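The primary structure of each chain is shown beneath.
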Amino acid sequence: MAAGDVTRRASITAPSMHRRTSARRGSLVKSTQASQEVPWDIIDRCALPIVLCHALAVVLSTLLNVLHLSTVSVFTLFLWFAISITGALWFYHNLQVTAAGKAVLVTGCDNVLGNALARRLDDLGYHVFAGFQSKAGNIDADMLKEDCSGRLHTLQLDVTSETQILSASLYIVDHLPEGAQGLWAIVNCESWCALGELEWVPFSVVRRAMDVNLLGPARLVQVMLPLVRRARGRVVLASSILTHVAAPVRGVHAASLAALDALAACLRRELKPRGVDVVVVAAGEYTTGSAWLSEEKLLEQAREMWKRLSDEQKGAYGEEYFEQALRSLEKYTKGADADLTAVTRALSDGVTRTFPLSRYTPVSPREKLKSLLAEHMPRSLYEGLYND
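Residues numbered from 1 in each chain as written. Predicted model: local features only at pLDDT ≥ 70, side-chain atom pairs only at ≥ 80, totals over all residues. Heavy atoms only, no water.

This brings us to the overall build of the chain. Scanning the chain from terminus to terminus reveals 14 helices and seven strands. Within the chain, counting contacts between residues at least 6 apart in sequence, those at least 24 apart form 76% of the total. (Helix = DSSP H or I, 4+ residues; strand = E, 2+ residues; numbered from the N terminus. Contact = heavy atoms within 4.5 Å.)

Here it is in structure tokens:
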């Protein structure tokens, strides 16, 4: 829906006459443009060791010169250390587990990200249990089952339903691959994206966001953890870079995922002695794109929120401000479906790597810079620089 110089865009509080054509959700649609993704996981893993290599080179060179044992330069020692350490880390980083006989539960396969991940893991040879919030009559579930191997099972699994979580656990126990000690990994891709300034969002929507993004995954992990402990596997949780970067209109969504991040950090320390890894994949808004948002859903949410506001609230904010705030998110719904390669790679790395990172950030360079500044720059300077 483009805005011209003469024709005003359709109001966000009125029914839209445009419908965005999207590709079949069951397939991973790659962008024709080059992906903005940078392998931050490799950079993060190598950054500190390389800094330590330089410090060690300075100390060792000084010691050798003081003792008159050698006149080797700091640069020479640093280069030798850096090449050795980088090579060792590259080998360490790329070690992968054997997929044969390992089962993985993927939730949120109704959305394009979970669906794409289930397909990728099936291609890699894992036994996949694909959870759908609504499986009955779901064409995506039928197509996923048809397109993948016989190792893939589709499940009815709403993470907010205690009954469905328990039923799924019983089904998984009965259908584990032969010889498997338990469930190798849980990957939670389920997400509820609640948008709007806090005063606009109905409390029922706030509660729903917390149920889907925090309480549901927490209960899912509680129920499935005995199976994961037996396999000494891992828990992989999809999150967002928004947990580190404050932004208007996204407060409820960011808050629920920030709570999930904190839970994951504590869970990681609890499960480390038991050989279970906990991985968080904090994706960016640009990299996930329309995996979470569509223009149609955005307008639908906006119209519903506007109807619920009181006359006083409508007068205080004004329709123009309200529309502008929600329209600021349109950039994430424009064009073809986002290239999810970076996010699915990070999620699958959490499952397949022998030594996964505790946190992956498949984000654009711009988002990575913004998150680093948010974490390390004085708050007053950061908020002056990013006054959005």
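Burial of strand 1 (residues 103-107) is extensive: five of the five residues sit out of reach of the surface. Neither face of strand 1 is left uncovered, since the one carrying Ala103, Leu105 and Thr107 and the one carrying Val104 and Val106 both have all their residues buried. Bridge count for strand 1 against strand 2 (residues 127-132) is four bridges, and the pairing is parallel. Residue Leu105 lies in a different strand from strand 2, and its bridge partner there is Phe129. This β-α-β element, strand 1 to helix 3 (residues 112-123) to strand 2, shows right-handed connectivity. Where strand 1 meets strand 4 (residues 185-188), four bridges bridge the pair, whose relative direction is parallel. From the neighbouring strand, Val104 faces strand 4, where its bridge partner is Ala185. (Buried < 20%, exposed > 50% of the residue type's maximum accessible area, 1.4 Å probe, protein only. Pairing = 2+ DSSP bridges. Right-handed = clockwise from strand over helix to strand, strands pointing away.)

On to helix 5 (residues 162-174). It helps to recall that an α-helix has 3.6 residues per turn; residues three or four apart then point in one direction. Between its terminal C-alpha atoms helix 5 stretches 19 Å, which fits the 18 Å expected from 13 residues at 1.5 Å a residue. Residues Ile165, Ala168, Ser169 and Ile172 constitute the buried set of helix 5. Buried residues of helix 5 fall within an arc of 100° about the axis and therefore sit on the same side. When the buried face of helix 5 is taken as reference, the exposed residues oriented beyond 90 degrees from it are Thr163, Leu170 and Asp174. Summarising the contacts, the buried residues of helix 5 are in contact with strand 1, strand 2, strand 3 (153-156) and helix 6 (203-231). (Expected span 1.5 Å × (residues − 1). Arc of directions from axis to C-beta.)

Moving on, we get to the sheet that holds strand 1. Overall, parallel pairing links the seven strands, which are arranged 3-2-1-4-5-6-7 in an open sheet. Since the sheet does not close on itself, it has two edges, and those belong to strand 3 and strand 7 (359-360), each with one partner. The pairing of strand 5 (residues 234-240) with strand 6 (residues 277-283) spans seven bridges and is parallel. Residue pairing in the sheet places Leu237 in a bridge with Val280 of strand 6. Most of the contacts of helix 4 (residues 139-147) go to strand 2, to which it runs at about 170°, and overall it touches strand 2 and strand 3. (Axes fitted to C-alpha atoms, helices over the stretch in contact; angles between N-to-C directions.)

All right, on to unusual backbone geometry then. The phi dihedral of His68 falls on the positive side, at around 60°, and the residue is not glycine. In this structure, His68 sits in the loop between helix 1 (40-66) and helix 2 (74-93). Here His68 falls in the exposed class, since its relative accessible area comes to 74%. At Arg232, a residue that is not glycine, the phi angle is positive and equals roughly 50°. Along the chain, Arg232 falls in the loop between helix 6 and strand 5.

Before going further, it helps to examine the packing of aromatic side chains. Throughout the structure, instances matching the rule amount to eight aromatic pairs. Between the aromatic rings of Phe129 and Tyr171, the centroid separation amounts to 6.3 Å while the plane-to-plane angle is 90°, which identifies the pairing as edge-to-face. One end of the pair, Phe129, is in strand 2; the other, Tyr171, is in helix 5, and 42 residues separate them in sequence. Judged by its relative accessible area of 28%, Tyr171 is partly exposed. (Phe/Tyr/Trp six-rings, centres within 6.5 Å; stacked < 30°, edge-to-face > 60°.)

At a closest axis distance of 8 Å, the pairing of helix 1 and helix 2 adopts a crossing angle of 150°. When the interaxial angle is binned, helix 1 and helix 2 end up roughly antiparallel. As for how helix 1 packs across helix 2, the hand of that crossing is right-handed. Each residue belonging to the contact of helix 1 with helix 2 can be placed in one class, and the counts come to 18 nonpolar, four polar and two charged. (Parallel < 35°, antiparallel > 145°, perpendicular 65-115°, else oblique. Left-handed = near helix turned anticlockwise from the far one by under 90°. Nonpolar A, V, L, I, M, F, W, Y, C, P; charged D, E, K, R; others polar.)

So, on to the confidence of the model for the chain. Predicted confidence across the chain gives a mean pLDDT of 83, with 84% of residues reaching 70 or more. Confidence drops under pLDDT 50 across residues 1-37; counting only partners more than four residues distant or on other chains, this segment forms 74 contacts. (pLDDT = per-residue confidence, 0-100.)

Take the environment of Arg232 next. Exposure remark for Arg232: the relative accessible area of 52% places this residue in the exposed category. Once the C-alpha coordinates of Arg232 and Lys272 are considered, the two residues, 40 residues apart in sequence, prove to be 9.9 Å apart. Residues in contact with Arg232, not counting those within four places in the same chain, are Trp184, Arg274, Gly275 and Val276.

Mapped onto the elements of the fold, His153 is located in strand 3. Filtering out sequence-adjacent residues up to four positions away, His153 remains in contact with Val128, Phe129, Ala130, Lys145, Tyr171 and His175.

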